[in-house]
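Coordinate analysis (summary)
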Amino acid sequence: MNCDTVELLPNPAFLMQSMRHIGYTLETALADIIDNSIAAEASVISVQYRWNDANPWIAIIDDGCGMSSEGIKEAMRFGGEICPTENRSSSDLGRFGLGLKTASLSQCKRLTVISKQNGSVSSCIWDVDALAEAAAPKWNALLPSVEMLKKDPVIEKLLHRLDEISSGTIVIWQKLDNLSVASKKGSAESNFAEAMVRASEHMGLVFHRFFVMEKGSKVIKIDFNGTVVEGMNPFGMAVPARQELQDETITLEGQKIEIQPFILPHHSKVSKKDYEKYGGEDGYLHNQGFYVYRNRRLIIKGTWFRIIPKTELHKLIRIRIDIPNSLDHLWQLDVKKSNASPPLAVLNRLKELLPSLSDRGKRPYTKRGSRAISDVVYIWRREFANNKVSYVINEEHPFVKTLVTNENGEVDSQKLSYLRIISGAFPAESFHVDVNNDTKTVIVSAAQQDEMENAVRKLISSCREMGLEKAAIWDMMCKNELPVSKERQEELLEEEFNG
Ligand SMILES: Nc1ncnc2c1ncn2[C@@H]1O[C@H](COP(=O)(O)OP(=O)(O)OP(=O)(O)O)[C@@H](O)[C@H]1O
Ligand SMILES: [Mg+2]
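Each value, and the rule that gives it
Residues numbered from 1 in each chain as written. Chains lettered and ligands numbered in written order. Predicted model: local features only at pLDDT ≥ 70, side-chain atom pairs only at ≥ 80, totals over all residues. Heavy atoms only, no water. Pairing = 2+ DSSP bridges. Helix = DSSP H or I, 4+ residues; strand = E, 2+ residues; numbered from the N terminus. Contact = heavy atoms within 4.5 Å. Axes fitted to C-alpha atoms, helices over the stretch in contact; angles between N-to-C directions. Near = heavy atom within 4 Å. Polar contact = N/O pair within 3.5 Å; in protein donor to acceptor, adjacent residues only side chain to side chain. Nonpolar A, V, L, I, M, F, W, Y, C, P; charged D, E, K, R; others polar. Expected span 1.5 Å × (residues − 1).

This part is about the sheet that holds strand E1 (residues 44-50). An order of E4-E3-E5-E2-E1-E6-E7 is seen for the seven strands of this open sheet, with the pairing classed as mixed. Of all the strands in the sheet, the pair left with one neighbour each is strand E4 (120-127) and strand E7 (227-228). Relative to E7, strand E6 (residues 221-224) runs antiparallel, the two being bridged by two bridges. When the bridges of E7 are listed, Phe224 appears paired with Thr227. Sheet strands touched by helix H3 (residues 69-76): strand E3 (108-117) and E4. Its angle to E4, the strand with the most contacts, is close to 20°.

In structure tokens form, the structure reads like this:
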């Protein structure tokens, strides 16, 4: 448009203040800095932190390609030299030219970057206070010499780390004013230490795929104050009880999006320790859903993108989605790399895929009460018709038959109707609340072990009285759900026949 223009420069101090509240957490901010180290092809990324007499600092040190003195200035520019919509290298984890600054300054008021490349060391500092105190509003970063840097004892010590590597970068956060570690519970120092442990666990999840070789990829190592971060693969261990279902590829604008569904093992199939580990702090109910990885880095975890609600029956389903960085524009990736929405074409395909997946994910739960999928006669039966589900005490089960049959071997219709009323009064609502309480509530049988064993003993002896052979009784036992383990059932049968 051919008209007058006016250059409206933002006030640097005010804009910087506002950008500090973009919504990063300590975890997402650290992950953004580690993204840069991985993009710079680092092999070892070391996060160092000290409480430092209530002047805490955090440093992220990598042995990546480092930056030249010109490179570091570009890196510190808000909205650096690479345009977000321009093609980046296919392994780049960055996009916006902001992360280094916005992530760091969301947590601290002084960001120092020191980098080594081709034997020379360069540095640059953004200091929020210095900007606010400047006589004129300018986007002036500080360019200290190495000698000036050494005057700060924290930085002086960290600088030695660069002697050990041919190239690399140190990002230092000082004046950490956003830690929120003051609380009634525990000292600020111990809260800081705890926050850093939580952050290291977050890195273990977000970057777990970089800790193992995948299709010839480089393996990286992250440590927090010297403790190596353990990868946390949300799809669990590759054991037979974990189902890896048919994968699928969606092609969009010539780029591939890969979808790999998993069904995690039912708690009866793995140790309590492993079951709890993969449930995570928030539990299976919360952690079900899609896990979206951009260039193998986890961006979003445990969401169904509102396609279906999170329910108890789907809680073992987790679906890995791999997206390339070339489709960022379609996924509406956010600056913090902690959110994105699937493009419509992908969303529609996921909607189509979900019914069959969710059916398979439900099986470990519905199988126990369903006759349709199994020949075993369970004590409870799940009946499903016209979108209505009911749980009924199974009149075919031998225990139930014993209960409702009179001395003459006839079904006592009065007893049977009482039983139907009792089973119809099953407190489904409160059961639902209990199971949705996830790993914290364990539902146990009110019957004692010896009561259950006695019932099985009685069943065996009454079958024997009816003239059944041992093999036939065992066959009957295998066809009916009995409340003791198979091994114990075998022992009880032996006891009956061999004393
Ligand atoms: N540890 C590092 N080693 C080498 N270069 C780095 C490092 N950290 C940042 N850089 C350089 O600084 C640039 C700016 O980083 P910044 O995180 O601000 O933006 P980005 O990574 O390009 O995009 P995004 O905002 O999505 O993170 C990077 O593109 C990279 O060239
Ligand atoms: Mg970045």
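Take the site of ligand 1 next. As a structural note, the neighbourhood of ligand 1 is formed by 19 residues, with Arg95, Leu98, Gly99, Lys101 and Lys337 the closest of them. One of the backbone N or O atoms of Gly99 is found 2.7 Å from an oxygen atom in ligand 1. Taking Thr169, its side chain carries an N or O atom lying 3.4 Å from a nitrogen atom of ligand 1. Elements with a contribution of two residues or more to the shell around ligand 1: helix H2 (26-39) and helix H4 (99-107). Here the shell around ligand 1 is composed, by residue class, of six nonpolar, seven polar and six charged.

Let's shift gears to helix H16 (residues 449-465). Residue pairs spaced three or four apart in an α-helix point in one direction, given the helix's 3.6 residues per turn. The end-to-end C-alpha distance of H16 is 24 Å, a good match for the 24 Å that 17 residues give at a rise of 1.5 Å each. Each element contacted by the buried residues of H16 is listed here: helix H13 (398-404), helix H17 (470-479) and helix H18 (486-498). Just downstream of H16 lies Gly467, where phi reads positive at about 95°.

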